[in-house]
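Notes for the structure review
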Amino acid sequence: MILASSLLTGCEKEPQPQVDPVADNYRTFYQIFVGSFSDSSNDGIGDIRGIINRFDYLNDGDINSGKSLGIQGIWLSPIFSSPSYHKYDVSDYYSVDWRFGTEEDLKELIALCKERNVKLILDLVINHTSNSHPWFTAFKEARMKGDTENPYYDYYTCVTTAEKEGGVTYQKIAGVDCWFECNFSGDMPELNFDNPKVREEVLDIAKYYLDLGIDGFRFDAVKYIYYGNTDKSVEFWKWYMEELRAIKPDIYCVGECWSGETEILSYYTAGLNCFNFAMSQAEGVAAKAAKGSSLSNFTGYVESYQNKILEKYPEGMAMSFLTNHDMDRIAGAFVTENNMRMAANLYLLSPGSPFIYDGEEIGLRGSRGSESTDANRRLAMLWGDDDLIRDPIGSTYPQNKQITTTVAEQIEDENSLYNYYCKLISIRHRYPAIARGHYKALSGGHKNLGGFLVEYEGKGLGIFHNTSTEELSFDLAECKGLEGYTFTKLCDVIGVGTAKLEGTVLTLGPQTSVVVE
Ligand SMILES: [Ca+2]
Ligand SMILES: [Ca+2]
């Protein structure tokens, strides 16, 4: 059973402005898999106008309304022309895929985002193109003819049979000794970034969309630019980020380097924030702690990871998330929804700029399954109204495994996961320190009790979590690491149980988190 979470009034009592005043990049983002989100044209495929129609759901312009998720940024999965449903293989970087709408629709979405102070970033896939991109057609033709004068002759990475390297995937062009690199699929040939013309092309694409009013990008597959050579890939991103920052100093970018911590952190030296993969998935540090394993593994990780980022890139941020479109939905990782709520507390009450994958806030399910299809990880949003959005082509997820509630139902139910996310996000935004502060791990004297001292602008904020299923107490006066700080106010409580602060003794109900000052 899920008990009502109690939400106390925040410590800041001054009336807050209607429009979120945040001007920096420490924002709570929402990932939209465009084709599965909302359909405005009744063809079953999500589109840009669908997002425009759903904007009040995402951010209604009033951070105090309590009727909106209140997200401050949107990442759109690729929207450019592409033969696939997922569009990670682009055939024209300068046109919106006709199924998703038009550039006019995109401009309208940009204007709406600006009005609501929501940053809009596009998924930019530059490592590879579609094999139906005109550049690739021209490259292939030039190679087959041996036409070295053709400007596209060197647009893609290719080697001779003798030059092939292990661990890299190639495909041969029939009739000539030319193997083009294609680590994702033969349909996705990889561009040659040693060619200055290719670098110019990818810079022009970014410039075009920045001119249109886009706030930045989510960069796909950053480590594949020079696959197997991290130094060269880092050099590329350093160059690219410097060029982009010269055009738009406050640009918001995040890189996808799906790898271990050391490799992820190397891209921070290029001035590029990257997704924090260790926080994600069923066995990630957030989900594991939420399921009851030692909380100090989580708190210690958050502290050390933030320090490592700041060492590599003083303006860097952690970019936490639980899942994305390439992973099984996180709701399936937990036996009870209370664990799911705890995982949300852990990652949304941590530093930087976190990402919520659309549908996560209603507990949407979907996993690859034995059919091994990623389409199952990108199922249609369950609006519960007349939206005709359909699951993507190739999905096989059994209907009887899906949740039985919808957005419409969860909005009306004050104890729903959706309303829980709304409250949790509003708590995150009430304290600028949560996103921007410096985190120090604290132990609560029990394997499931602990949290952080968060220092920001000379003040200390306390965040504490009880991940167990019982009530736990501890004395803040005896908490190692809190020397010099006395917390006297219990500001916000979110979780399954309640909480109290009596003198210096803090008591947290089961699976509950608090903010104290
Ligand atoms: Ca549509
Ligand atoms: Ca590459």
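Here's what I pulled together on the structure shown here.

Reading the values: the criteria
- Position numbers for residues count from 1 along each chain, tracking the sequence in the order it is written.
- Numbering of ligands from 1 and lettering of chains from A proceed in the order in which they are written.
- Totals for whole chains, interfaces and linings use every residue, but because this is a predicted model, local features are given only for residues with pLDDT of at least 70 and side-chain atom pairs only at 80 or more, for both listing and counting.
- Side-chain numbers come from the whole structure's heavy atoms, not from hydrogens or water.
- Salt bridges are defined by distance alone: a side-chain nitrogen of Lys or Arg within 4 Å of a carboxyl oxygen of Asp or Glu.
- Secondary structure elements follow DSSP: runs of H or I of four or more residues count as helices, runs of E of two or more count as strands, with numbering from the N terminus.
- For the exposure calls, accessible area comes from a 1.4 Å probe over protein chains only, and a residue counts as buried if that area is under 20% of its type's maximum, exposed if over 50%, partly exposed in between.
- The span you would expect from a helix comes to 1.5 Å times its residue count less one.
- Cavities and pockets are defined on a 1 Å grid built over the protein atoms alone: a cavity is a set of grid points where a 1.4 Å probe fits but cannot escape, while a pocket is an open set with protein on both sides within 12 Å along at least five of seven lines, and lining residues are those with an atom within 4 Å of any such point.
- Grid points are joined across faces, edges and corners, and a volume is the space filled by probe spheres set on the points.
- Residues are grouped as follows: nonpolar covers Ala, Val, Leu, Ile, Met, Phe, Trp, Tyr, Cys and Pro; charged covers Asp, Glu, Lys and Arg; every other residue, Gly included, is treated as polar.
- Stacked, tilted and edge-to-face are the three classes applied to pairs of Phe, Tyr and Trp rings, where Trp contributes its six-membered ring and a pair requires centres within 6.5 Å; stacked means planes under 30 degrees apart, edge-to-face means over 60, and tilted covers the rest.
- Either the NZ atom of lysine or the CZ atom of arginine qualifies as a charge over a ring when it sits within 6 Å of the ring centre and within 35 degrees of the ring normal.
- Simply put, an axis is a line fit to the C-alpha atoms, just over the touching stretch for a helix, and the angle between two N-to-C directions goes from 0 to 180 degrees.
- For classification purposes, an angle smaller than 35 degrees is called roughly parallel, one larger than 145 roughly antiparallel, one from 65 to 115 roughly perpendicular, and anything else oblique.
- In a left-handed crossing the near helix is turned counterclockwise from the far helix by less than a right angle, and in a right-handed crossing that turn is clockwise.
- Note on contacts: a residue pair qualifies if any of its non-hydrogen atoms lie within 4.5 Å across the two residues.
- Any nitrogen, oxygen or sulfur atom within 2.8 Å of a metal ion counts as a donor, with the limit raised to 3.2 Å for Na, K and Ca, and since water is left out, coordination shells can look unfinished.
- Taken from the helix axis, the directions to the C-beta atoms give the arc we talk about.
- In short, DSSP must find at least two bridges between two strands for them to pair.

1. Structural notes on the pattern of salt bridges
- The tally for this structure, following the rule as stated, stands at 32 salt bridges.
- Salt-bridge contacts for Asp326 lead to Arg378; the nearest nitrogen and oxygen are separated by 2.8 Å. With Asp326 in the loop between helix H9 (295-312) and helix H10 (337-348) and Arg378 in the loop between strand E11 (355-357) and helix H11 (407-412), this residue pair connects regions lying 52 residues apart in the sequence. For the pair Asp326 and Arg378, one class covers both residues: buried.
- Linked through salt bridges whose partners overlap, the residues forming this network are Asp326, Asp328, Arg368, Asp374, Arg377 and Arg378.

2. Observations concerning helix H12 (residues 417-430)
- For H12, which comprises 14 residues, the first-to-last C-alpha distance of 20 Å matches the rise-based estimate of 20 Å (1.5 Å per residue) to within 8%.
- The buried fraction of H12 amounts to eleven of the 14 residues, a majority that puts the element mostly inside the structure.
- Those residues of H12 that sit buried are Leu417, Tyr418, Asn419, Tyr420, Tyr421, Cys422, Leu424, Ile425, Ile427, Arg428 and Arg430.

3. Remarks on the layout of surface pockets
- Considering only enclosed or pocket space, the second largest pocket measures out at about 450 Å³ in volume.
- Taken together, 22 residues make up the lining of the second largest pocket; nearest its centre are Tyr88, Phe184, Asp326, Asp374 and Arg378.
- Of the residues that constitute the lining of the second largest pocket, the class distribution is seven nonpolar, five polar and ten charged.

4. Quick notes on the packing of aromatic side chains
- Per the counting criterion, the structure on display carries 40 aromatic pairs.
- An angle of 80° between the planes, with centres 5.0 Å apart, marks the rings of Tyr208 and Tyr209 as edge-to-face.
- With relative accessibility at 30%, the residue Tyr208 sits in the partly exposed group.
- For Tyr209, a relative accessible area of 1% corresponds to the buried category.
- Taking the centre distance of 4.7 Å and the plane angle of 45° together, the rings of Phe219 and Trp237 count as tilted. Taken as a pair, Phe219 in strand E9 (residues 216-219) and Trp237 in helix H6 (residues 230-247) lie far apart in primary sequence, 18 residues in all.
- The class for Phe219 is buried, based on a relative accessible area of 0%.
- Exposure remark for Trp237: the relative accessible area of 0% places this residue in the buried category.
- One aromatic cluster is present, formed by Phe29, Trp75, Tyr252, Trp258, Phe275, Phe277, Phe321 and Phe355 through successive ring pairs.
- One Lys or Arg, Arg143, reaches over the ring of Tyr153 and ends 3.7 Å from the middle of that ring.

5. Focus: the packing of helix H7 (residues 261-268) against H9
- Packing of H7 against H9 brings their axes to within 8 Å, and their N-to-C directions diverge by 40°. One element, H7, and the other, H9, form an angle in the oblique class. Considering how the two elements wind past one another, H7 and H9 form a crossing that is right-handed. Across the interface between the two elements, Glu261, Ile264, Leu265 and Tyr268 from H7 touch Tyr301, Tyr305, Lys308, Ile309 and Lys312 from H9.

6. Looking at the coordination of the calcium ion (ligand 1)
- Surrounding the calcium ion (ligand 1) are the protein donor atoms Asp39 (OD), Ser41 (OG), Asp43 (OD), Ile45 (O) and Asp47 (OD), which sit 2.3 to 2.5 Å from the metal.
- On the primary sequence, the residues serving as donors to the calcium ion (ligand 1) are separated as D-x1-S-x1-D-x1-I-x1-D.
- When its relative accessible area of 43% is taken as the criterion, Ser41 is described as partly exposed.

7. Quick notes on helix H4 (residues 134-145)
- Between its terminal C-alpha atoms H4 stretches 17 Å, which fits the 16 Å expected from twelve residues at 1.5 Å a residue.
- For H4, the complete set of buried residues consists of Trp135, Phe136, Phe139, Ala142 and Arg143. For H4, the angular spread of buried residues about the axis comes to 130°, placing them on one side. Opposite the packed face of H4, turned more than 90 degrees from it, sit the exposed residues Pro134, Met144 and Lys145.
- Packed against the buried residues of H4 are strand E4 (92-96), strand E6 (158-159), strand E8 (179-181) and helix H5 (196-212).

8. Here we look at the pairing of strand E13 (residues 449-456)
- Counting buried residues in E13 gives six out of eight residues, a clear majority hidden from the surface.
- Sheet topology note: the strand E12 (residues 438-446)/E13 ladder contains seven bridges and is antiparallel. Looking across to E13, one finds that Ser443 is bridged to Gly450.
- In this antiparallel pair of consecutive strands, E12 and E13, the connection spans two residues.
- Bridge analysis of E13 against strand E14 (residues 459-466) gives eight bridges, and the strand direction is antiparallel. When the bridges of E14 are listed, Val454 appears paired with Leu461.

So far we have only geometry, and geometry alone does not tell us how the molecule works.
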